[in-house]
Every structure is written in structure tokens, then in C-alpha cells.
Amino acid sequence: SAINTMEYAYRLNPEDEEIIECLANLYYATGNNETALNYAISGLEINSMNPHFWNMAGVVYFSVSSFDDAAEFFEHAVFLSPNYYDAIYNLRDTYVELNNKAGVEECSRKLNELEQGGLND
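About the criteria used
Residues numbered from 1 in each chain as written. Predicted model: local features only at pLDDT ≥ 70, side-chain atom pairs only at ≥ 80, totals over all residues. Heavy atoms only, no water. Axes fitted to C-alpha atoms, helices over the stretch in contact; angles between N-to-C directions. Helix = DSSP H or I, 4+ residues; strand = E, 2+ residues; numbered from the N terminus. Parallel < 35°, antiparallel > 145°, perpendicular 65-115°, else oblique. Left-handed = near helix turned anticlockwise from the far one by under 90°. Contact = heavy atoms within 4.5 Å. Patch = residues over 30% accessible without salt bridge, like charges linked within 9 Å, V, L, I, M, F, W, Y side chains within 5 Å. Areas by Shrake-Rupley, 256 points an atom, 1.4 Å probe, with all protein chains shown as cover. Salt bridge = Lys/Arg side-chain N within 4 Å of Asp/Glu carboxyl O. Lys, Arg positive; Asp, Glu negative; His and termini not counted. Charge placed at Lys NZ, Arg CZ, Asp CG, Glu CD. Phe/Tyr/Trp six-rings, centres within 6.5 Å; stacked < 30°, edge-to-face > 60°. Buried < 20%, exposed > 50% of the residue type's maximum accessible area, 1.4 Å probe, protein only. Nonpolar A, V, L, I, M, F, W, Y, C, P; charged D, E, K, R; others polar. Expected span 1.5 Å × (residues − 1).

Participant: Kindly report on the packing of helix α6 (residues 85-98) against helix α7 (residues 101-117), identifying the contributing residues and their values.
Facilitator: Interaxial distance between α6 and α7 falls to 8 Å at its minimum, and their mutual angle equals 155 degrees. Classified by the angle their axes make, α6 and α7 are roughly antiparallel. Crossing hand, α6 versus α7: left-handed. Touching Tyr85, Ile88, Tyr89, Leu91, Arg92, Tyr95 and Val96 of α6 are Gly103, Val104, Cys107, Ser108, Lys110, Leu111, Leu114 and Glu115, all from α7.

Below, the structure is given as C-alpha cells:
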């Protein structure tokens, strides 16, 4: 029902970034990775500066164990929004999978800094 409603909203306003992000999240939550990724990429075509689309694409790649691709998307999200907690958290987990110890340490340091300072996007 939520997907149908959001698809209708998307047909009415196909460039609304919040609708696109919501659809990507809904499709991911229901296990439809391909459609989730398509919406994330569609969002990037509309606004390549939106870190949420980069993060969502990374989440999809991570979920299918494509860790190199996931890292690239998460890194871009963090580059655009250095205090984006979820993207940093996801990047740290990806670095664990890639055995990038320096990356894990840096992400962990940044997450701790954000938790203590209450700063995040």
C-alpha cells in the first residue's frame, strides 16, 4: 500500500527527491534491490549532490556483497556530507568487509566524535 501510494506521488512529481528517496527505501525494505537501486540512481540523475541517494545505492551494493562498489558510494556520501552518521556507519561496516583497518579506525573515530558532539546529518 505504501509503495502504491508513493508510486502515485512519483507519477505526479517525478523530480521530488523526498519521494524518490522514500521509494528507494521502501523497495529496499521489501527486498527489491534492483528497483531500489534504480530509484537511487534516478535520484542522483536529478541531484548528484544529495548524499542520501549515494548512501542508498551503497546500501544496496553492500546487501549483495559488492563491497568495492558500496565503499565508493558511501565515500561519496560522506564527501558530500561529512557528518552524515548513517553513511559513515555504513562505510565503516564496508571497510570491515574489505579489511581496510585504517578506514575502520577513521570511521570509528568520526562516529565517536559525532556521538559525543551531537552533530550529524
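Participant: Which residues make up the environment of Phe79, and what are the values?
Facilitator: Mapped onto the elements, Phe79 comes out in helix α5 (residues 67-80). The spacing of Phe79 and Ile41 is 38 residues in sequence and 18 Å in space, taken between C-alpha atoms.

Participant: Please provide a residue-by-residue account of a negative patch on the surface, values included.
Facilitator: On the surface, Asp68, Asp69, Glu72 and Glu75 cluster together to form a negatively charged patch. Note on placement: Glu75 falls in helix α5.

Participant: Give me the packing of aromatic side chains: which residues, what numbers.
Facilitator: As enumerated under the stated definition, the model contains six aromatic pairs in all. Arranged with centres 5.3 Å apart and planes meeting at 85 degrees, the rings of Tyr10 and Tyr39 form a pair that is edge-to-face. Of this pair, Tyr10 sits in helix α1 (residues 2-12) while Tyr39 sits in helix α3 (residues 33-46); the two residues are 29 residues apart in sequence, bridging distant segments of the chain. For Tyr39, a relative accessible area of 11% gives the class buried. For the ring pair Tyr61 and Phe73, a centre distance of 5.4 Å and an interplane angle of 25 degrees mean the geometry is stacked.

Participant: How would you sum up unusual backbone geometry? Please name residues and give values.
Facilitator: Of note, Ser65 is a non-glycine position whose phi angle comes to about 65 degrees, a positive value. With respect to the helices and strands, the residue Ser65 is situated in the loop between α4 (51-63) and α5. Within the chain, Asn99 stands out as a residue other than glycine whose phi angle is a positive 60 degrees. Along the chain, Asn99 falls in the loop between α6 and α7.

Participant: Tell me about the packing of α4 against α6, residues and numbers included.
Facilitator: Between α4 and α6, whose axes approach to 10 Å, the crossing angle comes to 30 degrees. It follows from the interaxial angle that α4 and α6 lie roughly parallel. At the point where α4 passes α6, the crossing takes the left-handed sense. Listed contacts from α6 to Asn55, Val59 and Phe62 of α4 are Asp86, Ala87, Asn90, Asp93, Thr94 and Glu97. When its residues are assigned to classes, the contact of α4 with α6 shows three nonpolar, three polar and three charged.

Participant: Lay out α6 with the relevant residues and their values.
Facilitator: Along an α-helix, residues three or four apart share an orientation, since each turn contains 3.6 residues. The end-to-end C-alpha distance of α6 is 20 Å, a good match for the 20 Å that 14 residues give at a rise of 1.5 Å each. What α6 keeps buried is the set Ala87, Ile88, Asn90, Leu91, Arg92, Thr94 and Tyr95. On its buried face, α6 sits against α4, α5 and α7. Where α6 terminates, the next one or two residues include Asn99, which has phi positive at roughly 60 degrees.

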